[in-house]
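# Structural overview
Here is what each chain is made of, one letter per residue.
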Amino acid sequence: QVQLVESGGGLVQPGGSLRLSCAASGSIFSLNGMGWYRQAPGKERELVAYITSVGTTSYLDSVKGRFTIARDNAKNTVYLQMNSLKPEDAAVYYCYLLNAGRSSWGRGTQVTVSS
């Protein structure tokens, strides 16, 4: 069984920054992918950023150049640095782990972007 615990959400003004963290515990295999999804009210969940076990990254077009995903394999932790936040980035952000062919999700952390 795998557990994902997110932290770092909160309220930030437009143009501000936040850093999300997600720690995975349990039976974690070394070859896995981790990422972040988000879901705003009334919208579908979308993949924001993804990073493979060897560090290959991919991003949603609307966050490219503003968000950076990184991971610490020794700690089974993934980070999402979010800069130049916009109101449209507001959502619940969910940590995601693809581990041995199985998907796991965190409970989510709220990001609010408002002045």
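The coordinates are above.
Residues numbered from 1 in each chain as written. Predicted model: local features only at pLDDT ≥ 70, side-chain atom pairs only at ≥ 80, totals over all residues. Heavy atoms only, no water.

## Examining the overall build of the protein chain
Across its full length, the protein chain holds 0 helices and 11 strands. Compactness check: the protein chain gives a C-alpha radius of gyration of 13 Å against a globular reference of 13 Å for 115 residues, within 12% of the reference. Its C-alpha atoms give the protein chain principal-axis dimensions of roughly 40 × 25 × 25 Å. Counting only residues that meet the buried cut, the protein chain has 40% of its 115 residues in that class. For the protein chain, the computed accessible surface area is about 6200 Å², with 48% contributed by carbon and sulfur atoms. One way to put it: in the protein chain the 11 positive side-chain charges average out to a point 5 Å from where the 7 negative ones average out. (Helix = DSSP H or I, 4+ residues; strand = E, 2+ residues; numbered from the N terminus. Rg over C-alpha atoms; globule rule 2.2 N^0.38 Å. Buried < 20%, exposed > 50% of the residue type's maximum accessible area, 1.4 Å probe, protein only. Areas by Shrake-Rupley, 256 points an atom, 1.4 Å probe, with all protein chains shown as cover. Lys, Arg positive; Asp, Glu negative; His and termini not counted. Charge placed at Lys NZ, Arg CZ, Asp CG, Glu CD.)

## A word on the pairing of strand E9 (residues 91-99)
Of all 9 residues that make up E9, 7 are buried, and the element is covered over most of its length. With 3 bridges connecting them, E9 and strand E11 (residues 109-113) associate as antiparallel partners. Note that in E11 the partner of Tyr 93 across the bridge is Thr 109. Of the strand pairs in this sheet, E9 and strand E10 (residues 102-105) are connected by 4 bridges, and their pairing is antiparallel. Bridging across to E10, Leu 98 finds its partner in Ser 103. Between E9 and the antiparallel strand that follows it, E10, lie 2 residues; Ala 100 among them carries a positive phi value of about 55 degrees. (Pairing = 2+ DSSP bridges.)

## Digging into the pattern of salt bridges
A complete count under the given rule lists 4 salt bridges for this structure. Of the charged contacts in the structure, one is a salt bridge between Glu 46 and Arg 38, with a shortest N-O distance of 2.8 Å. Using a relative accessible area of 5% as the deciding quantity, one classes Arg 38 as buried. Two residues, Arg 38 and Asp 89, come together in a salt bridge whose shortest N-O distance is 3.0 Å. Of the two residues, Arg 38 is situated in strand E4 (residues 32-39) and Asp 89 in the loop between strand E8 (77-82) and E9; the sequence distance between them amounts to 51 residues. Residue Asp 89 is classed as buried on the basis of its relative accessible area of 1%. (Salt bridge = Lys/Arg side-chain N within 4 Å of Asp/Glu carboxyl O.)

## Considering unusual backbone geometry
A positive phi is found at Asn 76, a non-glycine position, where the angle reads about 50 degrees. Judged by its relative accessible area of 24%, Asn 76 is partly exposed. Although it is not a glycine, Ser 84 adopts a positive phi angle of roughly 50 degrees. With relative accessibility at 40%, the residue Ser 84 sits in the partly exposed group.

## What about the state of the cysteines?
Tallying each qualifying case throughout the model produces 1 disulfide. Each sulfur in the disulfide pair Cys 22 and Cys 95 lies 2.0 Å from the other. In this structure the cystine formed by Cys 22 and Cys 95 twists about its S-S bond by roughly -85 degrees; its chirality is therefore left-handed. You can see Cys 22 sitting in strand E3 (residues 18-26) and its partner Cys 95 sitting in strand E9, a full 73 residues away along the chain. In this structure Cys 22 comes out as buried when scored by relative accessible area, which is 0%. (Disulfide = S-S within 2.5 Å.)

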